[in-house]
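Chain by chain, the residues run as shown.
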Amino acid sequence: MMQMLVDRIKKDGVIKHGNVLKVDSFLNHQMDIELINEIGKEFKRLFADCEINKIVTVEASGIGIACITAQYFNVPVVFAKKSQSINIDGDVYSTQIESFTHKRTYDVIVSKKFLNPNDKVLIIDDFLANGCALVGLIELVTCAGASVEGIGIVIEKGSQAGGEVIREMGMRLESLAIVDSMNAATGEIFFRDADKKE
Ligand code: 5GP
């Protein structure tokens with residue numbers, strides 16, 4: 001757990017119905033760059049032993065976090081794009097991602113130019129809920145013949161299946177804060193290992 005992040009979620013996170021946690025005052029609408037800088041540093045610390053030459057995320061909310069993190073790894077960022085039209089030219093890898101927050105399915109694509117078999121990828125995203133976004137990103141990376149060295153998530157929602165799905169795939173997944181449950185009536189947010197400081 002990253003205590004600074006946990007404290008900020010407790011202070012500014014807002015519980016919405018449908019098990020949605022709003023963190024748009026500091027993470028994915030207005031962005032607190034000082035906090036995100038610490039997040040980037042923490043991902044570097046956690047994955048210091050990994051050989052990583054590319055960070056992959058999905059638009060839109062993963063991009064800022066991925067870019068700041070990439071400065072600690074000195075690697076480029078590639079973000080999967082949500083595409084309106086199916087690309088039939090064969091110059092992209094594509095998959096489908098069902099959005100937890102928007103309840104719709106997107107085609108997401110990455111140009112074949114920007115992922116190749118030599119790539120050792122760190123996947124970064126803001127949230128892990130049902131795991132659909134991550135499964136899609138893993139598919140894009142593996143389709144390219146590249147390897148997923150690790151996955152860094154800012155907030156994992158422990159009450160949803162995604163974390164288990166991804167860990168069962170044998171992936172190295174590090175979540176900076178895991179929210180186990182939320183009480184919409186009282187506004188309380190309960191974290192896994194909340195008292196454990198690293
Ligand atoms: P998944 O595909 O794991 O179900 O959901 C991951 C994506 O849904 C994330 O990229 C994030 O944008 C969005 N998401 C899932 N749960 C939440 C939530 O509680 N709050 C917010 N703000 N976004 C969420």
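Residues numbered from 1 in each chain as written. Predicted model: local features only at pLDDT ≥ 70, side-chain atom pairs only at ≥ 80, totals over all residues. Heavy atoms only, no water.

A. Representation of the pattern of salt bridges. One pass over the full model with this rule turns up 11 salt bridges. A salt bridge links Arg8 to Asp32; its shortest N-O distance comes to 2.6 Å. You can see Arg8 sitting in helix H1 (residues 3–12) and its partner Asp32 sitting in the loop between strand E2 (20–22) and helix H2 (33–46), a full 24 residues away along the chain. Accessibility expressed as a relative area gives 22% for Asp32, which makes it partly exposed. One network of salt bridges, in which partners are shared, links Arg8, Lys11, Asp12 and Asp32. (Salt bridge = Lys/Arg side-chain N within 4 Å of Asp/Glu carboxyl O. Helix = DSSP H or I, 4+ residues; strand = E, 2+ residues; numbered from the N terminus. Buried < 20%, exposed > 50% of the residue type's maximum accessible area, 1.4 Å probe, protein only.)

B. Focus on the site of the ligand. Lining the immediate surroundings of the ligand are 17 residues, of which Leu21, Asn130, Gly131, Ala133 and Lys157 lie closest. Here Ala129 contributes a backbone N or O atom positioned 2.8 Å from an oxygen atom of the ligand. Between Asn130 and the ligand, the recorded distance is 2.7 Å, taken from a backbone N or O atom to an oxygen atom. Contact with the protein chains covers 89% of the free accessible surface of the ligand, which is 510 Å². The set of elements that each furnish at least two residues to the shell around the ligand consists of E2, strand E7 (120–128) and helix H4 (132–143). The greatest single-element share of the shell around the ligand, amounting to four residues, is contributed by E7. A breakdown of the residues in the shell around the ligand according to their chemical character gives eight nonpolar, six polar and three charged. (Near = heavy atom within 4 Å. Polar contact = N/O pair within 3.5 Å; in protein donor to acceptor, adjacent residues only side chain to side chain. Areas by Shrake-Rupley, 256 points an atom, 1.4 Å probe, with all protein chains shown as cover. Nonpolar A, V, L, I, M, F, W, Y, C, P; charged D, E, K, R; others polar.)

C. Representation of the packing of H2 against helix H3 (residues 61–73). The N-to-C vectors of H2 and H3 enclose an angle of 50 degrees; their axes lie 8 Å apart at closest approach. One element, H2, and the other, H3, form an angle in the oblique class. In this structure, H2 meets H3 at a crossing whose hand is right-handed. Across from Ile33, Ile36, Asn37, Ile39, Gly40, Lys41, Phe43 and Lys44 in H2, the residues of H3 making contact are Gly64, Ile65, Ile68, Thr69, Tyr72 and Phe73. For the contact of H2 with H3, the class distribution of residues is eight nonpolar, four polar and two charged. (Axes fitted to C-alpha atoms, helices over the stretch in contact; angles between N-to-C directions. Parallel < 35°, antiparallel > 145°, perpendicular 65-115°, else oblique. Left-handed = near helix turned anticlockwise from the far one by under 90°. Contact = heavy atoms within 4.5 Å.)

D. How the structure looks around the environment of Val179. Relative to the assigned elements, Val179 resides in strand E9 (residues 173–183). Taking the C-alpha atoms as reference, Val179 lies 4.5 Å from Phe191; in sequence the two are 12 residues apart. Once you skip the residues sitting within four places of it in the chain, Val179 turns out to touch Leu21, Ile155, Glu156, Lys157, Gly158, Ser159, Ile189, Phe190 and Phe191.

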